[in-house]
Amino acid sequence: QIKPSVIYDMGGKFDRSFNQASYSGAEAFRKETGIKYTDFEITNEGQREQVMLRFAQRGFSPIVVAGFQQAPIVEKVAKQFPKTHFVLIDAVVDLPNVRSVVFKEQEGSFLVGALAAMKTEHDAVGFIGGMDIPLIRKFGCGYEQGAKYISKDINVLQNMTGTTPSAWNDPTKGGELARAQFDKGVDIIYAAAGGTGVGVYQAAVDAGKLAIGVDSNQNYLHPGKMLTSMVKRVDVAVKSAFEDEMKGKFTPGLQVVGLKENGVDWALDEFNRPLLSEEDIAKVQDIRAKIVAGDIKVHNWEDTKSCEY
Amino acid sequence: MSPILAESPRWVRIGLVPALQLALALVISSLVVLIIGEDPVQAFAIMIRGATNLEFGGFHSTLYYTTNFIFTGLAVALAFHAGLFNIGGEGQAYVAGLGIAIVCLLFDSTLSVWLMAPLVILASAAFGAIWGVIPGYLQAKRGSHIVVTTIMFNFIAMALMSYALVVHISPLGGNSTDSRYWNSDAVFPKWNEMMPDAPFSLLNPTLILALVCCWLVWLLVWRTRLGYAIRTVGSNPHAATYAGINASRTIIITMAISGALAGMMAVNEVYGAQGRLILNFTSGFGFMGIAVALMGRNHPFGVVLASLLFGALYQGGTELQFEISSINPQMVLVIQGLVVFFTGALDRLVRGPVEGAFLRYQLAKAKKAEAADAAVAGGN
Amino acid sequence: MFDQIFSLLGASIRLATPLMFAAMAGIFSERSGIVDIGLEGKMLISAFASACAAYETGSPWLGLLAGILVSVMFALMHGYASITQRGDQTISGLAVNFLASGLTVVLGHAWYGQGGLTPSVHDERFKSIILPGAEWLGENVPVVGPFYEQVISGHNILVYLAFVSVAAAYWVLFRTRFGLRLRATGEEPNAVDSAGISVAWVRYRAMIVTGVLCGCAGTYLSIAQNAAFQREMTAGRGYIALAAVIFGKWHPKGALGACLLFGFLQSLETRLQSVQLPLVGELPSQVFSAIPYIITVVLLAGFIGKAIAPKNVGVPYVKER
Amino acid sequence: MTAPAIELKAINKRFGPVWANRDIDLKVMPGTVHGIVGENGAGKSTLMSILYGFYTADTGEILVNGQNLDIRNSQQAIQAGIGMVHQHFMLVEPFTVLENVMLGMEGQAVLANARGKARKALQDIASRYGLEVDPDAIVGELPVGLQQRVEILKALYRGAKILILDEPTSVLTPQETGQLFEILESLRSQGVTVLLITHKLKEIMAITNHVSIMRAGTMVAHRETAHTSPEELAELMVGRKVLLRVDKQPAQPGEQRMEIKNLDYSDDRGVRRLKDINFNLRSGEILGVAGVSGNGQSELLKMLSGALAPNQGVMVLDTRAGHSELSAGSWRDAAEIRDLGIAHVPENRLRQALVKAFSAAENAILGYHDKPEYGETFLEPEKVVNATEVMMEAYDVRPRLPGLKTANFSGGNQQKLVLAREMLKEPDILLIGQPTRGVDIGAIEFIHRNMIAARDKGAAVLLVSVELDEILSLSDRIIVMNDGAITGEVMASETNEAELGLLMTSTAGEVPTAGNGPTGGAKAPQSEQQEEAVA
Ligand SMILES: Nc1ncnc2c1ncn2[C@@H]1O[C@H](COP(=O)(O)OP(=O)(O)OP(=O)(O)O)[C@@H](O)[C@H]1O
Ligand SMILES: Nc1ncnc2c1ncn2[C@@H]1O[C@H](COP(=O)(O)OP(=O)(O)OP(=O)(O)O)[C@@H](O)[C@H]1O
Ligand SMILES: [Mg+2]
Ligand SMILES: [Mg+2]
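The rules behind the values
Residues numbered from 1 in each chain as written. Chains lettered and ligands numbered in written order. Predicted model: local features only at pLDDT ≥ 70, side-chain atom pairs only at ≥ 80, totals over all residues. Heavy atoms only, no water. UniProt positions renumbered as here; feature names shortened; annotations may be inferred. Helix = DSSP H or I, 4+ residues; strand = E, 2+ residues; numbered from the N terminus. Rg over C-alpha atoms; globule rule 2.2 N^0.38 Å. Buried < 20%, exposed > 50% of the residue type's maximum accessible area, 1.4 Å probe, protein only. Contact = heavy atoms within 4.5 Å. Lys, Arg positive; Asp, Glu negative; His and termini not counted. Charge placed at Lys NZ, Arg CZ, Asp CG, Glu CD. Disulfide = S-S within 2.5 Å. Near = heavy atom within 4 Å. Polar contact = N/O pair within 3.5 Å; in protein donor to acceptor, adjacent residues only side chain to side chain. Nonpolar A, V, L, I, M, F, W, Y, C, P; charged D, E, K, R; others polar. Buried area = accessible area lost by both parts, 1.4 Å probe. Salt bridge = Lys/Arg side-chain N within 4 Å of Asp/Glu carboxyl O. Axes fitted to C-alpha atoms, helices over the stretch in contact; angles between N-to-C directions. Parallel < 35°, antiparallel > 145°, perpendicular 65-115°, else oblique. Pairing = 2+ DSSP bridges. Patch = residues over 30% accessible without salt bridge, like charges linked within 9 Å, V, L, I, M, F, W, Y side chains within 5 Å. Areas by Shrake-Rupley, 256 points an atom, 1.4 Å probe, with all protein chains shown as cover.

As recorded in an unreviewed UniProt entry, chain C goes by the name ABC transporter permease, listed as coming from Parendozoicomonas callyspongiae. Under the UniProt heading Subcellular location (unreviewed entry), the note attached to chain C is "Cell inner membrane".

Shown next, in the form of structure tokens:
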């Protein structure tokens, strides 16, 4: 029997974002197979290497490591334990026993951006990021492209919550940023800000506007007020890694997953369906198909460190 | 009646009383563990084993955390001697990390560890000192409350660091909030790299630097004229003026040294343990320095003991989380809070009765002797 | 143009609200002679308690009550250490902060299994109140109308309560017997004692008031401004409030000014981000994050001058050596 | 026979190891002024604080007007009609007079009306007993004499029928003392019982009906004032015969050591604290600076010792370090001035001269810590301790424990340590403030002898003291300060307390008149005759 494990990054496993998605993937696996897993939440930098080593020493495999900040450590530890399998989410380490899973967040963001542009009544949509780092710029950039794809002159406001990790956990500021954007005419906001997003959504509900969730499907949080969510299937990545290991089919290497691979997507469920017409849905699905087919090229912010395309 | 009676024996004051206080804190912590439905005895056993075992490097990791606490604890303790409450250790260490990063980025491919280490230590001390000296200057010359300014400087340091790191230092194309690794020939080797048999840990030679700093601080405070001036300014500013000690100069110098000490924490993290600059690498160690200093009674030796205790708490907490995953990592914060409360704020609760008992015991002994004397003298 | 300014002012008020409560709490505590760096912790624990209570009972008012109760308990713990045990007040405050940030997560996790978050309360929270005539005035009266509609009206009840608390703090401190005694205690506890008033009792009552106000501040954060508790959601506001107390020279009016300034600077930060500024262009967001703190330091160093604290603040009252 | 207003039975009180009151009995008859005398630390204040409920006795009984009362706090004492003016004023300085008086007796929870009522009541009391003070003045800004008046008003406002005054005159000029005694007379005539603590035997003789004497925590005797004498009281206090006059040879002043020209100083708030001070100081003389405390003497001492820099003025020094001229722009700090041969025993030892948290040895080098004799690069503890042992030996500091924390020494021994530190260096100029404050009579003799000895060895001594006795008995020449200015200079041999008292209240350049204030014309209680009697 395999001994799977997960190491979450600093946000903690209930960050309502990708750590939590990793958690739900692992939980799903446990429920289906009954195989237990072990997990750990990093609370300071000093623990990363120690914990990863301890997992490896104790024979855990695969070790799923969530978060780009962990990449350097994975690189170190994976070298020392060539027989142990590692799965790194959101970053790339090129080693024969490491599977790196990165997501084309820009593609998912493009879709929700397009949908936002279709539904806005003021020709203005907003984006609120968490901490100001390249990964989040990538979301924002994809969103902007999607919105502009629908309407060239649309006004896309972008804000970042802050520059420290507390930016992931500041719903108050998230709410204020949202209000500021509403006051500037925005009526739909996409938040890629971890726990800060909760404040953004609440502000949208309070103001009678719409919000777009991120990472997991967050539509259920405020039924009828969440236009959609940009889902990033970290859970799937985690679960399938566990399953591959179980079946002895673990493959290392880079997995770049986008719309095509169902790695990212937009969420459509009973909570947001009432907001959308059949045309809307069709139009989004059409764009989705075009991206999958490569007819629409979505620029990745990280390629140029800017959102020029 | 001899006035020496006013003090109880040393081992009671610095041994027995703190031990009892610690025990009390742990008893209350146990209640919290019980509330969340776990077994406190098992939990503490795991913590103790986790913090002291040699096999998995638990003890080594304890020492690694201890190194951080020694620096930030010393920084707070020294400032306290001058009557200054330096809450800015976090920011000072943070900015010092930037200093190290600059040195490493510039020279790590050309210099060996023997040249790099002194350079890095100097850089961290200098950057930390700058971040400490500004609030010190504002306090001394402008009367700006040092508590407020150091808090503000922590926030400013965060913004500065995030800008420097994300915009300038982190390697292009990467998605990271950390710098590249420093060239491994130019950084401190870790303990397990020097001792082939040792288990992995982040322990590195910075511990020696920390202990040397303890000794230096002791020397500074109790054997130098500057230290004398610092203590005078701290406990009686009027007497300082009377003695011709320039209080504002002393405050500024103290804050510079205090900042430098806090800054050297970055040597352990950025140069020793992580080998690269990471966003938020201080992880609250700067704040913990306050508790460490207070528990160590602002004495370098006490700081070492308190650092060991907190280091063990951190490492034990990691282990606890490892073994009992239903215990949230924040449990360690609760224990820390209680330890600080009982050993610091409620000092008298235990100290009063215990020391009182010893005093009464001594008094009774002295009385007996006195009575014997009086019998000879014939009373009064 | 006006709309933008008004929205900025409205946001300033919302952001200043928790600071106002906490600063008044700090004034009561410090005026009575007790240093309180535990404002942060009390806000945090009460934010947690009120979110839990509001979720469990479905009533924001019961949430507020719970927040206040828990915060008062912590205040009394601080009081016990500082007053009865004559302990170091800074250490005690620090311990309160550690405990609060640990307990909220540990208990929250144990109870709700969401890593310290509490379940959201959507309807069981304090909602915005539209003041009478706001809409009509906003549409029909130029400038003043929109000002009334956007800045004065449309906040939740706790925002108005915060302003009331400032006025009340002023009134209590300077117009009542309790205030007179409280101020005297912070200045010269000996005089209070020799007037036959118990110094400890005055200080304990001050701590209770501090607890109540911190409770309001925390409640505002979790179930008025937001809809759930989030770990570390106070994000340093207690320290900022303390700065406001010193900034305002331990006076409600001064502290109110300082809180509004901080609120204004914070809301400015959210609004100036990614805006093309004249001369400098678009500044990195870090600059805006740092600005409130830099301005505080500059004001403190340049214009405020030395603030004279109550004479006996931080000094445990000892009658007999 | 009426019951005594106050009766104390077998009162005991300990502060840790200090037994402050031991089996004290006391009876005070209503409508009298009852004096209590005793050396420093005899336990007078403690006893009164117990009566006032500020401290609680360990054992013992308190009877007020024949009724046994269990006084546990001041509120109960106030209700029993007891009022107290503490030795160290208990006033809230930033508050107004009215607020201070009201505190604890506000009447209502809301102040608005209470203020009006209090104001009226205050005016009534003030006019009835002749205690005028502006009710809206900020107490911290009032002179000491008026602050004391506020304390008395506080007690009367609370309806005190028994008034305890703890060393009320130590901060007053002779003229103010005269006013105070008039007030006390008027209180007595209106049936108020007064308990008066003082160190000044002539005041006891002047106003009290009865006197009780305390020594080392015990009550040693009670006397009717009419049937005792200062000599007897002094002997009872100390337990042996004491010499109340200092023996000394006439001074032989030598060359000039210090000259002060046009010294002027204004504090942070712009209040002019020193006004155009001029004087000189010669070797071999003691120059006394008399004045009520708070009239610029403290600032003067600080200035001369380098703790403060003047706004204007020049100090010319001729010492072993050579000739130097310091002017306002080029003033020196305390360390540099010490290097010029000036030693300084400050007025307030615990505030300025000592660090309580330090050991005796550490304090023994305060101000001299830079000297190489205490170690080359580092401070060497053995050297410091050795030097301390020498000081302790020479000045009989007890206990002889250089490592003991300074706070654990008694006040007198702390003072001796400071004196040893400053005087053993044989400075050319010795600045000395309140050398015997809080020091017992035995130590006073010792300190005084050493000061004279230093003078005779050629030191120039500047003595600041608020005790006129001390000034008169030690000084060769006296300058008097009032309101920051020098109001007169006299030879000690040619003056008396009355003249000094007048100078202490007159403004600079003004011919001394019979004082000021509502009862300014009152005759000071100290007559020549009484002084003789003391001697
Ligand atoms: N609060 C206190 N705590 C401890 N010891 C005290 C306290 N107050 C007084 N003492 C000690 O009790 C003794 C008696 O002090 P008390 O103040 O009653 O003397 P006193 O006669 O008033 O002296 P003085 O003439 O100096 O005013 C002294 O030894 C003093 O040090
Ligand atoms: N602040 C203090 N802290 C600790 N102990 C003290 C303190 N003040 C006084 N004591 C203790 O009380 C004793 C008496 O002190 P106090 O100053 O009252 O003496 P005293 O009787 O006035 O003697 P002296 O005549 O020398 O002034 C001292 O020996 C000391 O042990
Ligand atoms: Mg006394
Ligand atoms: Mg004494």
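That shown, we press on.
Peer 1: So what about the overall build of chain C? Which residues, and what values?
Peer 2: Within chain C, the secondary structure is distributed over 13 helices and 2 strands. For a compact globule of 321 residues, the expected C-alpha radius of gyration is about 20 Å, and chain C comes in at 20 Å, within 12% of that figure. Each principal axis of the C-alpha distribution contributes one length, and for chain C these read about 65 × 50 × 40 Å. Taken over 321 residues, chain C has a buried fraction of 64%. A separation of at least 24 residues holds for 78% of the contacts in chain C among residues at least 6 apart in sequence. Positive and negative side-chain charges of chain C, numbering 21 and 18 respectively, have mean locations separated by a distance of 12 Å.

Peer 1: Describe in detail the state of the cysteines, supporting the description with residues and values.
Peer 2: Inspection of every chain in the model, using the stated rule, returns 1 disulfide over all chains. A disulfide bridge connects Cys141(A) with Cys307(A), and the sulfur atoms are separated by 2.0 Å. Around the S-S axis, the bridge from Cys141(A) to Cys307(A) shows a dihedral of about 95° and counts as right-handed. Placement of Cys141(A) in helix α5 (residues 134–150) and of Cys307(A) in the segment after α10 (301–304) is noted, with a sequence separation of 166 residues between them. Judged by its relative accessible area of 2%, Cys141(A) is buried. By relative accessible area, Cys307(A) is classed as partly exposed at 22%. Just so you know, Cys216(C) is unpaired, no disulfide at all, and the nearest cysteine sulfur is the one on Cys214(C), 9.2 Å from it.

Peer 1: So, the site of ligand 1: which residues are in play, and what are the values?
Peer 2: Lining the immediate surroundings of ligand 1 are 18 residues, of which Gly41(D), Gly43(D), Lys44(D), Ser45(D) and Thr46(D) lie closest. Around ligand 1, the nearby residues trace back to chains C and D. Between ligand 1 and the protein, one listed contact pairs an oxygen atom with a side-chain N or O atom of Glu167(D) at 3.2 Å. Elements supplying a minimum of two residues to the shell around ligand 1: β2 (18–28) and α1 (44–51) of chain D. At 3 residues, the largest contribution of residues to the shell around ligand 1 is made by α1(D). Of the residues assigned to the shell around ligand 1, the class counts are 5 nonpolar, 7 polar and 6 charged.

Peer 1: Tell me about the interface of chain A and chain B, and please be specific about residues and values.
Peer 2: With 31 residues of chain A at the contact, the number on the chain B side is 36 residues. Of the roughly 3100 Å² buried between chain A and chain B, counting both surfaces, carbon and sulfur atoms make up 54%. Looking at the side of chain A facing chain B, the largest losses of area belong to Glu45(A), Gln50(A) and Arg54(A), adding up to 20% of the total buried there. Scanning the region where chain A abuts chain B turns up 2 salt bridges. Salt-bridge contacts for Glu323(B) lead to Arg58(A); the nearest nitrogen and oxygen are separated by 2.9 Å.

Peer 1: An account of the packing of helix α3 (residues 58–81) of chain B against helix α11 (residues 247–273) of chain B is requested, with residue identities and associated values reported.
Peer 2: Residues and elements named next belong to chain B. Closest axis-to-axis distance for the α3/α11 pair is 7 Å, and the angle between their directions is 170°. In terms of orientation, α3 and α11 fall into the roughly antiparallel class. In this structure, α3 contributes Tyr64, Thr67, Asn68, Phe71, Thr72, Leu74, Ala75, Val76, Leu78 and Ala79 to the contact, and α11 contributes Thr254, Met255, Ile257, Ser258, Leu261, Ala262, Met264, Met265, Asn268, Glu269 and Ala273. Taken together, the residues of the contact of α3 with α11 break down into 14 nonpolar, 6 polar and 1 charged.

Peer 1: Outline the UniProt feature "transmembrane region" (unreviewed entry) in chain C, supporting the account with residue identities and numerical values.
Peer 2: Residue and element names in this part refer to chain C. Listed under "transmembrane region" (unreviewed entry) in the UniProt record, and renumbered for this structure, are residues 6–27, 61–81, 93–112, 157–174 and 285–304. Counting secondary structure, residues 61–81 comes out at 100% helix and 0% strand; the distance between its end C-alpha atoms is 30 Å. In residues 157–174, the share of helix is 100% and the share of strand is 0%. The end C-alpha atoms are 26 Å apart.

Peer 1: Break down the interface of chain C and chain B for me, with residues and values.
Peer 2: Chain C puts 40 residues into the contact, and the matching count from chain B is 40 residues. Summing both sides of the interface, chain C and chain B together bury roughly 3700 Å²; the carbon and sulfur share of this comes to 80%. At the boundary of chain C with chain B, the tally comes to 0 salt bridges. The tally of links from chain C across to chain B stands at 5 residue pairs in polar contact (both at pLDDT 80 or more). Sorting the residues of the side of chain C that touches chain B by element identifies α3 (60–84), α4 (89–112), α11 (237–247) and α13 (285–304) of chain C as the ones contributing at least two each. Of the residues forming the side of chain C that touches chain B, the biggest block, 15 residues, is contributed by α4(C). Its residues assigned to classes, the side of chain C that touches chain B comprises 24 nonpolar, 12 polar and 4 charged.

Peer 1: Explain the pattern of salt bridges residue by residue, including any values.
Peer 2: Summed over the entire model, instances satisfying the criterion amount to 59 salt bridges over all chains. Across the salt bridge formed by Glu188(C) and Lys311(C), the nearest N and O atoms sit 2.8 Å from each other. Here Glu188(C) is found in the loop between α8 (177–187) and α9 (189–194), whereas its partner Lys311(C) is found in the segment after α13, with 123 residues between them in sequence. One continuous salt-bridge network, built from bridges that share partners, spans Asp90(A), Glu105(A), Lys138(A), Lys232(A) and Glu302(A).

Peer 1: Please give an account of unusual backbone geometry that cites residues and values.
Peer 2: Of the consecutive residues Ser61(A) and Pro62(A), the connecting peptide bond is found in the cis state with omega at 0°. Here Pro62(A) lies in the loop between α2 (45–57) and β3 (63–66). Unlike most non-glycine residues, Lys249(C) shows phi in positive territory, near 55°. Its location among the elements puts Lys249(C) in the loop between α11 and α12 (252–272).

Peer 1: Now, about the sheet that holds strand β11 (residues 256–266) of chain D: what can you tell me, with residues and values included?
Peer 2: Strand pairs in the sheet, formed through backbone hydrogen bonds, run parallel or antiparallel to each other. Residue and element names in this part refer to chain D. The strand order across the open sheet built from 4 strands is β12-β11-β14-β15, with neighbouring strands paired in antiparallel fashion. On the outer flanks of this sheet lie β12 (272–282) and β15 (322–327), each paired with one strand and no other. Strand after strand, the sheet turns through a mean of 10° between neighbouring axes, direction not considered. Sheet topology places strand β14 (residues 312–319) next to β15; 6 bridges connect them, and they run antiparallel. Looking at β15, one finds that Thr319 is bridged to Gly322.

Peer 1: Before we move on, can you summarise a nonpolar patch on the surface with the specific residues and values?
Peer 2: Residues and elements named next belong to chain B. A surface patch of nonpolar side chains, about 470 Å² in accessible area, is lined by Leu54, Phe59, Phe301, Leu305 and Leu308. For the nonpolar patch, the leading source of residues is helix α13 (residues 300–323), giving 3 residues. Inspection of the secondary structure puts Leu308 in helix α13.

Peer 1: Requested: an account of the side chain of Arg225(B), with residues and values cited.
Peer 2: Residue placement: Arg225(B) occurs in helix α9 (residues 225–235). It is Asp370(D) that comes nearest to the buried, bridge-free Arg225(B) among opposite-charge side chains, at 4.3 Å. Other than its neighbours up to four places away in sequence, Arg225(B) contacts His369(D), Asp370(D), Lys371(D), Pro372(D), Tyr374(D), Gly375(D), Glu376(D), Thr377(D), Phe378(D) and Leu379(D).

Peer 1: Hey, could you go over the environment of Phe2(C) for me, with residue numbers and the actual values?
Peer 2: Take Phe2(C): it is sitting in helix α1 (residues 2–31). Considering only alpha carbons, one finds Phe2(C) and Val212(C), 210 residues apart in sequence, at a separation of 37 Å.

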